[in-house]
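Architecture at a glance
For reference, the chains in residue letters:
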Amino acid sequence: MKTPGSPTLSPADTARYDAVGTGDKAKDPGVFLERLQSPTTHDIAAIGDLWQKSGLTGPGHDAGRDLATCLNSGRGSVILARTAKDATIIGTIMAGHDGESGWVHYLAVSHDARGTGLGSGLLALAEDILAATGLAVNKVTVTDPAVHDFYRKLGYEIVETAPHTKPQTPEIRNDFVVMRKRLKS
């Protein structure tokens, strides 16, 4: 078993995920993936905007803090999907672990790129990264009931439901649902 960590993308993985997606829009490989290492102020603002437009965060959320926590932990990676035309960020996923289970956060795809397979491609990449670290299980916390089906179709099952009780996140009105999937090793 490999020691859990934060591996970089190998050239083979980079090539594999250069043209993520399966829909008609994805036939033009106008998307490239990048492992975020040193986000610029512009990147942080664009990521925060995408997260808010995707309903993952509310106004005033500090995306820079969440990115820094992940990147400085030594246990996480942030993958960005950018357009080849102008490097606009159109997708994100954060993958990390707690030493026992992998966790994904902030899977977001811009409205224009939805339906292309980009979201499932980003999730598959995150799962591959986590499996490569020797983890057998990946988990995700979902608050939007409409998103449960997305994860179910990709092999996730609900393992826990916790009521929303945190007043500091008023934008989240639904219960927290933890979903799990066994990773291929």
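Not measured: the values here are computed from a predicted model.

This part takes up the confidence of the model for the protein. Averaged over the protein, the pLDDT score is 83; the fraction of residues at 70 or greater is 78%. Mean pLDDT across the elements of the protein ranges from a minimum in helix H1 (residues 11–16), with 42, to a maximum in strand E3 (residues 89–97), with 97.

Once that is clear, we can look at the pattern of salt bridges. Tallying each qualifying case throughout the model produces seven salt bridges. In this structure, Lys53 and Asp49 form a salt bridge, with 3.1 Å as the shortest nitrogen-oxygen distance. On the criterion of helical spacing, the pair formed by Lys53 and Asp49 is a turn pair, its members being four residues apart in helix H2 (residues 41–53). With relative accessibility at 36%, the residue Asp49 sits in the partly exposed group. Residues joined by salt bridges that share partners form a network here, namely Glu34, Asp43 and Arg82.

For the rest of this paragraph, the subject is the packing of H2 against helix H3 (residues 63–73). Where H2 contacts H3, the axes come no closer than 9 Å and their chain directions differ by 105°. Classified by the angle their axes make, H2 and H3 are roughly perpendicular. Every residue of H3 that contacts H2 at Ile44, Ile47, Gly48 and Trp51 is listed here: Ala63, Gly64, Asp66 and Leu67. When grouped by side-chain class, the residues that make up the contact of H2 with H3 number five nonpolar, two polar and one charged.

Further remarks concern the layout of surface pockets. Roughly 280 Å³ of internal volume is contained in the second largest pocket. Every residue lining the second largest pocket is counted, 14 residues in all, and those nearest its centre are Cys70, Met94, Gly96, His97 and His105. Contributing elements (two or more residues each) for the lining of the second largest pocket: H3, E3 and strand E4 (102–109). Grouping the amino acids of the lining of the second largest pocket by side-chain chemistry returns five nonpolar, six polar and three charged.

Among the structural elements, Thr83 can be located in strand E2 (residues 76–83). Its relative accessible area of 17% is what places Thr83 among the buried residues. Only 2.5 Å separates the side chain of Thr83 from the side chain of Asp86, close enough to count as a polar contact. Among all residues touching Thr83, those that are not within four sequence positions of it are Gly30, Phe32, Thr88 and Ile90.

The rules behind these values
Residues numbered from 1 in each chain as written. Predicted model: local features only at pLDDT ≥ 70, side-chain atom pairs only at ≥ 80, totals over all residues. Heavy atoms only, no water. pLDDT = per-residue confidence, 0-100. Helix = DSSP H or I, 4+ residues; strand = E, 2+ residues; numbered from the N terminus. Salt bridge = Lys/Arg side-chain N within 4 Å of Asp/Glu carboxyl O. Buried < 20%, exposed > 50% of the residue type's maximum accessible area, 1.4 Å probe, protein only. Axes fitted to C-alpha atoms, helices over the stretch in contact; angles between N-to-C directions. Parallel < 35°, antiparallel > 145°, perpendicular 65-115°, else oblique. Contact = heavy atoms within 4.5 Å. Nonpolar A, V, L, I, M, F, W, Y, C, P; charged D, E, K, R; others polar. 1 Å grid on protein atoms, 1.4 Å probe; cavity = no way out; pocket = protein on both sides within 12 Å on 5 of 7 lines; lining within 4 Å. Points joined across faces, edges and corners; volume = space filled by probe spheres on them. Polar contact = N/O pair within 3.5 Å; in protein donor to acceptor, adjacent residues only side chain to side chain.

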